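A structural walkthrough
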Amino acid sequence: MDRFSWTTGLLELGETLVVQQRGVRLSDGEEKVKFGSGVLLLSTHRLIWRDQKNHECCIAVPLSQIVFIEEQAAGIGKSAKIVVHLHPASSNKEPGPFQSSKYSYIKLSFKEHGQIEFYRRLSEEITQRRWESMPTGQAMQVKDSQAGRIRAVGIVGIERKLEEKRKETDKNISEAFEDLSKLMEKAKEMVELSKSIANKIKEKQGDITEDETIRFKSYLLSMGIANPVTRETYGSGTEYHMQLAKQLAGILQTPLEERGGIMSLTEVYCLVNRARGLELLSPEDLVNACKMLESLKLPLRLRIFDSGVMVIELQSHNEEEMVAAALETVSEKGSLTADEFAKLVGMSVLLAKERLLLAEKMGHLCRDDSVEGLRFYPNLFLTQS
Amino acid sequence: MHRRGVGAGAIARRKLTEAKYKERGTVLAEDQLAQMSKQLQTFRSHLEAFASKHKQEIRKSPEFRLQFQDMCATIGVDPLASGKGFWAEMLGVGDFYYELGVQIIEVCLALKHRNGGLITLQELQQQVLKGRGKFAQDVSQDDLLRAIKKLKVLGNGFGIIPVGGTFLVQSVPAELNMDHTVVLQLAEKKGFVTVSEIQASLKWETERAKQVLDHLLREGMAWLDAQAPAEPQFWLPALFSELHGHEEPPAAP
């Protein structure tokens, strides 16, 4: 085993892979060595063995070192083997796993078979001595720091390339985390500064102009810092939200008309963002813009039901009038659940429920709350008393 | 004695002094704001540099996103607050989460009739990934939770309920108080719960247990199996996929 040298497993220029076989164990003469389970590769120039578990562990011996080879048939509990007799190691041999050995031959044990083919190919290569006509340079020392060309061919080469890429990715990730930490340090400074400004504002108790307030708010918006003065994020909103509100009024006019004048904020969020595709609105952006609709005298308004459900209505829409229509519908059918009503009228269940609840609040409907569901009846107490 | 501080003259003087202070106060704020504006520009270019190197990482790696979000939270910054913020603009984090929000809403809406508006985080993740298609970026459960937290502000009832090591996601504005939550957690182990179990584990009276279960039934979040051997069982459809995994239905004869 002292004829072997450590190697990267990369094939040289001019070296070609001939055959490879998994599950091969090496022995130093009659003695087992620690190279228990590996992939054995035959190239035009060398015999290479790589550990199946630890790809870093890779050794090779030049074919020119081989004197002759012989087969050893499998026996009971024994795999088939190829015995490879070798010349003594040359003095300028690259370092390997063993300095010396008392054997001049090694054994290749084929635990997963394949030795017939391998023997045939190995014989061919030894006979043809292709390594003599395809000279390769001395094995190149691969320097990691040179991210540049690693010329590698064959499967061994590809695997090695993947390994390099993985290492590169790992390096990238740790670099990314480092950069992220540095960035966060700077962001933290911004947060501190905004806090100190907010404190100054609080001290002055309203001596800051409207203009400055708006500026400050927009700075906070850029950084994603909650407004430390009012505690709410962006309260009355910024210039951006005002613009957004106007845009929404334009975008939502038709969809609202198509949906009976009312849409839940969730629906609006999906509609608007699906239409945008890029540079989407955050939920908070949407809410803050909608809060400004009324004050900007736009033809839509934000309405919040008792349940917390938020909707956008056309100004022209009158939910109370819709309630009267709902009452008629319910009366016709005797009673309706929110689901049934929704299907009848062609509304979302969420909004259908809100309308029925509003009708109940106004005294037009009564509820029958059972495990079978929430059902609404016309309020006969009112009409027939 | 010469009285100081009274008289028209004193008042006028005081007003002048106040005005001067006011001016100075405004000037102070102005200075600070100018400073902040400048620092913002600097920060923005740092963020730009960061983005040019690592923007891909944010989009591709859930682990990196998680780290990023945690760090932002630690220093008091919400990168998802506005699509107009630097973070969204430069890093594109915004688009990732806001779009995820749309997908979450759609999945929940589609399954609501079956589970009453309650779904496990795991099933939500599976459904969302399915909808995103083969070539879309990976989405972690942390990503989903963050997107959902943002959706709450839309007033649609989105909520997160911790149960047995994972979470249930609520997507309807049904009121679920502590009692309901605790019963959901109890039901998580087997996918169903009975009145006796509630009495044994939580030491409640029958009436209280029944009220909670009835509420869940009404909301469509629980189904009643009145023909169960010992006593009626209340099953949570939200937990069905967890129980049965990937069992194939038996082939028709």
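Our subject is the structure listed above.
Described below are features of the structure shown in this document. (Residues numbered from 1 in each chain as written. Chains lettered and ligands numbered in written order. Predicted model: local features only at pLDDT ≥ 70, side-chain atom pairs only at ≥ 80, totals over all residues. Heavy atoms only, no water.)

1. Observations concerning the sheet that holds strand β2 (residues 159–163) of chain B
All names here are of chain B.
- Strand order in the open sheet formed by 3 strands is β1-β3-β2, with antiparallel pairing between adjacent strands. Every interior strand has two partners, whereas the edge strands, β1 (118–120) and β2, have only one. Across the sheet, the mean angle from the axis of one strand to that of its neighbour is 30°, orientation sign disregarded.
- Strand contacts of helix α7 (residues 178–187): β1, β2 and β3 (166–170), with the helix running at about 50° to β2, the strand carrying the most contacts. (Pairing = 2+ DSSP bridges. Helix = DSSP H or I, 4+ residues; strand = E, 2+ residues; numbered from the N terminus. Axes fitted to C-alpha atoms, helices over the stretch in contact; angles between N-to-C directions. Contact = heavy atoms within 4.5 Å.)

2. Topic: the packing of aromatic side chains
- Under the counting rule described, the total for this entry stands at 12 aromatic pairs over all chains.
- Between Phe110(A) and Phe118(A) the ring centres are 5.6 Å apart and the planes differ by 55°, which places this aromatic pair in the tilted class. Phe118(A) shares its class with Phe110(A); the two are buried.
- Between the aromatic rings of Phe43(B) and Trp87(B), the centroid separation amounts to 5.6 Å while the plane-to-plane angle is 65°, which identifies the pairing as edge-to-face. With Phe43(B) in helix α1 (residues 7–60) and Trp87(B) in helix α3 (residues 86–91), this residue pair connects regions lying 44 residues apart in the sequence. Each member of the pair, Phe43(B) as well as Trp87(B), carries the same accessibility label: buried. (Phe/Tyr/Trp six-rings, centres within 6.5 Å; stacked < 30°, edge-to-face > 60°. Buried < 20%, exposed > 50% of the residue type's maximum accessible area, 1.4 Å probe, protein only.)

3. Overview of the pairing of β2(B)
All names here are of chain B.
- Taking every second residue as pointing to the same face, the buried face of β2 carries Gly-159, Ile-161 and Val-163, while none of Ile-160 and Pro-162 on the other face is buried.
- When β2 meets β3, the two strands line up antiparallel, connected through 5 bridges. If you follow Pro-162 over to β3, its bridge partner there is Phe-167.
- Joining the antiparallel neighbours β2 and β3 is a turn of 2 residues, in which Gly-164 adopts a positive phi near 35°.

4. Points about a positive patch on the surface
- A contiguous patch of positive charge on the surface is contributed by Lys165(A), Lys55(B), Arg59(B) and Lys60(B).
- Broken down by element, the residue count for the positive patch peaks at 3 residues, all from α1(B).
- In this structure, Lys55(B) sits in helix α1.
- Look at Lys55(B) and you get partly exposed, because its relative accessible area is 34%. (Patch = residues over 30% accessible without salt bridge, like charges linked within 9 Å, V, L, I, M, F, W, Y side chains within 5 Å. Areas by Shrake-Rupley, 256 points an atom, 1.4 Å probe, with all protein chains shown as cover. Salt bridge = Lys/Arg side-chain N within 4 Å of Asp/Glu carboxyl O. Lys, Arg positive; Asp, Glu negative; His and termini not counted. Charge placed at Lys NZ, Arg CZ, Asp CG, Glu CD.)

5. Details of the pattern of salt bridges
Residue and element names in this part refer to chain A.
- On inspection of all chains with the given rule, the structure shows 34 salt bridges over all chains.
- The closest approach of N and O atoms between Lys-182 and Glu-178, which form a salt bridge, is 4.0 Å. Placement of both Lys-182 and Glu-178 in helix α3 (residues 154–204) is noted, with a separation of 4 residues, approximately one turn of the helix.
- Lys-182 sits in the partly exposed class, given a relative accessible area of 48%.
- A salt bridge links Arg-303 to Glu-313, with the shortest nitrogen-to-oxygen separation between them at 3.5 Å. Within this pair, whereas Arg-303 is found in strand β11 (residues 300–304), its partner Glu-313 is found in strand β12 (residues 310–314), the two being separated by 10 residues in sequence.
- For Glu-313, a relative accessible area of 0% puts it in the buried group.
- Each of Glu-117, Arg-120, Arg-121 and Glu-124 takes part in one network of salt bridges that share partners.

6. Digging into the interface of chain B and chain A
- Of the residues lining the interface, 57 residues belong to chain B; the matching set on chain A comes to 60 residues.
- Buried surface at the junction of chain B and chain A, summed over both partners, amounts to about 5400 Å²; 69% is from carbon and sulfur atoms.
- Summed over the three residues of chain B that lose the most area to chain A, namely Leu33(B), Met36(B) and Leu154(B), the buried surface amounts to 13% of that side.
- Here chain B is connected to chain A by 5 salt bridges.
- The partner of Arg218(B) in a salt bridge is Asp369(A), and the shortest N-O contact between them spans 3.1 Å.
- Where chain B packs against chain A, one counts 16 residue pairs in polar contact (both at pLDDT 80 or more).
- Listing elements by their share of the side of chain B that touches chain A, those giving two or more residues are α1, α2 (62–75), α3, α4 (93–115), α6 (141–151) and α9 (206–218) of chain B.
- No other element matches the 20 residues that α1(B) contributes to the side of chain B that touches chain A.
- Of the residues belonging to the side of chain B that touches chain A, the class tally is 26 nonpolar, 17 polar and 14 charged. (Buried area = accessible area lost by both parts, 1.4 Å probe. Polar contact = N/O pair within 3.5 Å; in protein donor to acceptor, adjacent residues only side chain to side chain. Nonpolar A, V, L, I, M, F, W, Y, C, P; charged D, E, K, R; others polar.)

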